[in-house]
Amino acid sequence: MSQYHIKNLEEYFQVYRKSVAQPEIFWEEIAEEHFQWKRKWDKVLSWDFSKPEVSWFQGAQLNITENCIDRHLTHRGDKTAILFEPNDPKEPAEHITYRQLHKRVCQFANVLKEMGVGKGDRVCIYLPMIPELAISVLACARIGAIHSVVFAGFSATALATRINDCDCKMVITADGSFRGPKTIDLKGIVDEALTSCEGVENVLVAQRIHSKISMKEGRDHWLQPLLDNAYKDCVPEAMDAEDPLFILYTSGSTGKPKGMVHTTAGYMVYTAFTFKNVFQYQEDDVYWCTADIGWITGHSYIVYGPLANGATTVMFEGVPTYPDWGRFWEIVQKHKINQFYTAPTAIRALAKENLSYVEKYDLSSLKVLGTVGEPINEEAWHWYNDNIGKKNSPIVDTWWQTETGGILISPIPYATPTIPTFATLPMPGIQPCLMDENGKEISQNPASGRLCIKFPWPSMARTIWGDHGRYRDTYFSAFKNKYFTGDGSLRDQTGYYRITGRVDDVIIVSGHNLGTAPIEDAINEHPAVAESAIVGFPHDIKGNALYGYVILKEVGETRDNDNLRKEINQLITERIGPIAKLDKIQFTPGLPKTRSGKIMRRILRKIAHQDTDNLGDTSTLLNPEVVEAIMKEAL
Ligand code: PRX
């Protein structure tokens, strides 16, 4: 039996027991057997959650791109590493072999170096899902620069905040992007963002849509001519195990986005290990994760995890609706996809359409189906299982977070029996627990509580860029000596976990994490708005949608509410991006507040959920009359 590749339930329990009893030996053996090191570690793990400080494979040196590319060249040089499927189905797919990937990453790395980018510098990547995105990520890692990928759906303001927060000296972007039948002016967004980013010295521009854009002399450079002239080899930088590999921003319940910092060795070992087991990847399989590399799912399970295993990983530029609702299934048939990994929101949207879009295609290549990002409801689970997997492909409901770097709770397909809506059992090395309101661990089953992790795992984020105090306060202060996930969870009689959703003010809309505070800040910028509060409410496709309660400065008879609503959503689009737009906006005379001035979101949530029979304890409310008024006009 190989503990790197678990094949049945008995092996899972055996490996899991070892990973808990002897975590250091367990991870050391995996690191030793399956990766290339320039120097071995002195110590496998040191940790102290009270600081918090966690370090894996201290003293080791490596380069993650050597593990993801170079070491495959002897046996897999001609194997497809990245299979690029363009937005337009008429444009041919591109098969980039490991050998070609090596050359393109090295050339890109040399361009970065020539532009003065070096080890430890931050590079912002704002690109659509084209090969240059994966290649630029790997090129940064090759030379030890820290990549900060910003999802190319974020607005100029959101992009500027992220560029400035970690002082990026370079931005990599494209002239524009294709999104179904539309094009998006990415370079225009970058230009606008850069009016408030003084630290950016150079902008590299990939040509994708061939639109007319403006290029600022001395700052902006077309990428292709630089690549054409760059040398084809680049010695990988020796990185310390704990050197930062990347920063990725995620929304918090308050304040500005958190730049989660992931480091090199532990992240590599854990994402590779979980990729192998959760997807049961076999040598000639073609694996497709539909996420964008702008999110953690893309970092860990499009780029690093698959490539570390020498896999063929698909990058899809387009959307599930273009040219029609059959696009995903057309791609599954065309590339004979074996593992398909997507989000519940996509499944719900696809399930609403006519089944003929599915039935037209041969999906018999599928062996494993995955979901991630939010709880999957039972109906969507069955639709996926019946119509896509034909009851033959196990569904892996994978629970994890930007902060966790890799999948923490998930079935192992063909090993763990699945139950709809349950993420089931922890991965080896993961020690979850449920905590009650008094901060005590609940040991019996069944139970429900707040989900924490008791012991460090290799791919956990090490800090928030520039704000270690916030890292400690957010994740390590609610429960002593435990990492608090922010999620609630049930655990059934057999020990299976079912994630029930956030217990803080983060709302997950279509699988995207949205903090309420930045959206409220954007709304409050409107000159007519005095105050606002956002809550989530259930939505058929998106899982949750946003409901905004807005107090206006002046209540006038003549105001045009519909226009105001449009303006508010326009502001949100400009400040954050279209993903944060509100589905419902109710203008109210006031918000329910406690005597200490805190908004009672619980009540607003109940009204938005149309569940007002029992509002719970309202005795601490300063202004109970407001609740009646809000209920009367609820949307
Ligand atoms: O609430 C959980 C939910 O998504 C949150 C993490 O979001 P993000 O950092 O954007 O990462 C998403 C991709 C890993 C979690 O705190 N979540 C993620 N996966 C699941 C889930 N909720 C239920 N079931 C899941 N499988």
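Because the structure is predicted, anything quoted here is derived from the model rather than measured. (Residues numbered from 1 in each chain as written. Predicted model: local features only at pLDDT ≥ 70, side-chain atom pairs only at ≥ 80, totals over all residues. Heavy atoms only, no water.)

Caption draft 1: Looking closely at the packing of helix α2 (residues 23-34) against helix α10 (residues 265-279). Where α2 meets α10, the closest approach of the two axes is 11 Å, and the angle between their N-to-C directions is 85°. Taken together, the axes of α2 and α10 are roughly perpendicular relative to one another. Note on element contacts: α10 touches α2 through Val269, Tyr270 and Phe273, opposite Phe26, Trp27, Ile30 and Ala31. Of the residues in the contact of α2 with α10, the class split is seven nonpolar, no polar and no charged. (Axes fitted to C-alpha atoms, helices over the stretch in contact; angles between N-to-C directions. Helix = DSSP H or I, 4+ residues; strand = E, 2+ residues; numbered from the N terminus. Parallel < 35°, antiparallel > 145°, perpendicular 65-115°, else oblique. Contact = heavy atoms within 4.5 Å. Nonpolar A, V, L, I, M, F, W, Y, C, P; charged D, E, K, R; others polar.)

Caption draft 2: Quick look at the sheet that holds strand β30 (residues 543-552). In spatial order, the strands read β29-β30-β31; together these three strands make up an open sheet with mixed pairing. Each of the sheet's edge strands pairs with one partner strand only, and the pair in question is β29 (529-539) and β31 (584-587). The mean inter-strand angle of the sheet, taken between neighbouring strand axes irrespective of direction, is 20°. When β30 meets β31, the two strands line up parallel, connected through four bridges. Looking at β31, one finds that tyrosine 547 is bridged to lysine 584. The strands that helix α17 (residues 516-524) touches are β29 and β30; relative to β29, the one it contacts most, it runs at about 135°. (Pairing = 2+ DSSP bridges.)

Caption draft 3: Seen up close, the layout of surface pockets. Of the voids in this model, the second largest pocket is the one considered here, and its volume is about 350 Å³. Lining the second largest pocket are 19 residues; nearest its centre among them are Glu94, Arg104, Glu132, Gln224 and Leu227. Going through the elements one at a time, α5 (98-114), α6 (131-143) and α9 (223-228) are the ones with two or more residues in the lining of the second largest pocket. The residue makeup of the lining of the second largest pocket, split by class, is eight nonpolar, four polar and seven charged. (1 Å grid on protein atoms, 1.4 Å probe; cavity = no way out; pocket = protein on both sides within 12 Å on 5 of 7 lines; lining within 4 Å. Points joined across faces, edges and corners; volume = space filled by probe spheres on them.)

Caption draft 4: Layout of empty space enclosed by the protein. Across all of its chains, the model carries two cavities of 30 Å³ or more by this definition. The space that makes up the largest cavity amounts to roughly 50 Å³. Contributing to the lining of the largest cavity are Asn63, Ile64, Ala141, Gly144, Ala145, Met239, Pro244, Leu245 and Thr264. Split by residue class, the lining of the largest cavity holds six nonpolar, three polar and no charged. Quantified by volume, the second largest cavity comes out at close to 40 Å³. Along the walls of the second largest cavity sit Trp325, Trp329, Leu350, Glu353, Asn354, Leu355, Tyr357, Val358 and Trp383, which together make up its complete lining. By residue class, the composition of the lining of the second largest cavity is seven nonpolar, one polar and one charged.

Caption draft 5: Structural context of the site of the ligand. Looking at the ligand, there are 18 residues lining it, with Asp397, Thr398, Thr402, Asp487 and Arg502 nearest. For the ligand, a nitrogen atom lies 3.3 Å from a polar atom in the backbone of glutamate 374. In isolation the ligand exposes 540 Å². Once the protein is present, 95% of that is buried. Looking at the shell around the ligand, the elements with two or more residues in it are α11 (296-308), β20 (395-398) and β26 (497-502). (Near = heavy atom within 4 Å. Polar contact = N/O pair within 3.5 Å; in protein donor to acceptor, adjacent residues only side chain to side chain. Areas by Shrake-Rupley, 256 points an atom, 1.4 Å probe, with all protein chains shown as cover.)

Caption draft 6: The arrangement of the domain arrangement of the protein chain in detail. Structurally, the protein chain comprises domain 1 (9-319 + 398-472) and domain 2 (506-633). When each unit is reduced to the centre of its C-alpha atoms, the spacing between domain 1 and domain 2 is 34 Å. With 13 residues of domain 1 in contact, the opposing surface of domain 2 contributes 15 residues. Between domain 1 and domain 2, the buried area comes to about 900 Å², and carbon and sulfur atoms account for 52% of it. Applying the counting criterion to the domain 1 and domain 2 interface returns zero salt bridges. If you look at where domain 1 meets domain 2, you find six residue pairs in polar contact (both at pLDDT 80 or more). (Domains from an automatic or database assignment. Buried area = accessible area lost by both parts, 1.4 Å probe. Salt bridge = Lys/Arg side-chain N within 4 Å of Asp/Glu carboxyl O.)

Caption draft 7: Inspection of the pattern of salt bridges at higher detail. Scanning the entire structure with this criterion turns up 40 salt bridges. Note that lysine 51 is salt-bridged to aspartate 48, the shortest N-O span being 3.5 Å. Between arginine 327 and glutamate 85 there is a salt bridge; the shortest N-O distance is 2.7 Å. In this pair, arginine 327 sits in helix α12 (residues 327-335) while glutamate 85 sits in strand β4 (residues 80-85), placing the two residues 242 residues apart along the sequence.

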